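Understanding the architecture of this molecule
Residue-level listing of the chains:
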Amino acid sequence: MPWSGPFTIGALLERCLESDRPWPPESPGVYVVTRRYWEGEPDREAEILYVGGITGKSNRFVTRIGDLIADMYGFFGEDTGHHSGGQKLHRWCVTKQVHPSSLFVAWKSDFPCARCAEYEVWKLLKPELNAIAPPRCRFHDSE
């Protein structure tokens, strides 16, 4: 299965009421946030800002992306918030004067192990705003 997207955050939100809208699944996966549009596979030329996923096997992937977007738009406080990556993206947008709606998001969820996939995508793309590496998979970690 190819990546779904990239979609601008703005276009994704504009289509939220459409029945055939592109929407992240509930099942675990990996998402990327980029500054630039790309085709096929994300690469560093797309200016990779953030790579994320969901820990464990919970069916909260779509909710996690929702948390990311809410915090990207500044819906958090000093001691509250849902997504540290979304907060970092919000601060980056303020500093760079880039509206969150113009950033791109894409996701993929057909990996045998979403935890391993998130780490591998992070390692390959070297996102600008991820402060630390995603946690390694305790079942498949071979390094």
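Before any of the text, the structure's been laid out above.
To keep things clear, this report deals only with the structure shown in the data block.

What counts, and where the lines are drawn
Each residue is numbered by its place in its chain's sequence as written, counting from 1. Totals for whole chains, interfaces and linings use every residue, but because this is a predicted model, local features are given only for residues with pLDDT of at least 70 and side-chain atom pairs only at 80 or more, for both listing and counting. Here the side-chain values reflect all heavy atoms present in the structure, with hydrogen atoms and water set aside. We define the nonpolar core as a collection of buried residues of types Ala, Val, Leu, Ile, Met, Phe, Trp, Tyr and Cys that are connected through side-chain atoms lying within 4.5 Å of one another. Buried means the residue's accessible area, taken with a 1.4 Å probe over protein chains only, is under 20% of the maximum for its type, while exposed means over 50%, and partly exposed covers the values in between. To qualify as a helix, a DSSP run of H or I must reach at least 4 residues; to qualify as a strand, a run of E must reach at least 2; elements of each kind are numbered from the N terminus. Two strands are said to pair when DSSP picks up at least two bridges between them.

1. What to know about the nonpolar core
By size, the foremost hydrophobic cluster in this structure holds 20 residues, and its most contacted members are Tyr 31, Val 33, Leu 89, Trp 92, Leu 103 and Trp 107. The dominant element in this core, judged by the number of residues it contributes, is helix H2 (residues 61-72), at five residues. Ranked by size, the runner-up nonpolar core spans 13 residues in total, among them Trp 3, Val 32, Ala 46 and Tyr 119.

2. Describing unusual backbone geometry
Look at the link from Gly 5 to Pro 6: it is a cis peptide, with omega at 15°. Here Pro 6 lies in strand E1 (residues 4-8). Look at Glu 47: it is not a glycine, yet its phi comes out positive at around 55°. By the element assignment, Glu 47 lies in the loop between strand E2 (30-34) and strand E3 (48-53). Positive phi values are uncommon outside glycine, yet Lys 126 reaches one of about 50°.

3. Some details on the pairing of strand E4 (residues 104-108)
On a regular strand, one side chain projects to one face of the sheet and the next to the other, so that they alternate. When you tally the buried positions in E4, you get five out of five residues, the bulk of the element. Burial along E4 is two-sided: Phe 104, Ala 106 and Lys 108 and Val 105 and Trp 107, pointing in opposite directions, are all buried. As paired elements, E1 and E4 share three bridges and run antiparallel to each other. By the bridge assignment for E4, Phe 7 is matched with Val 105.

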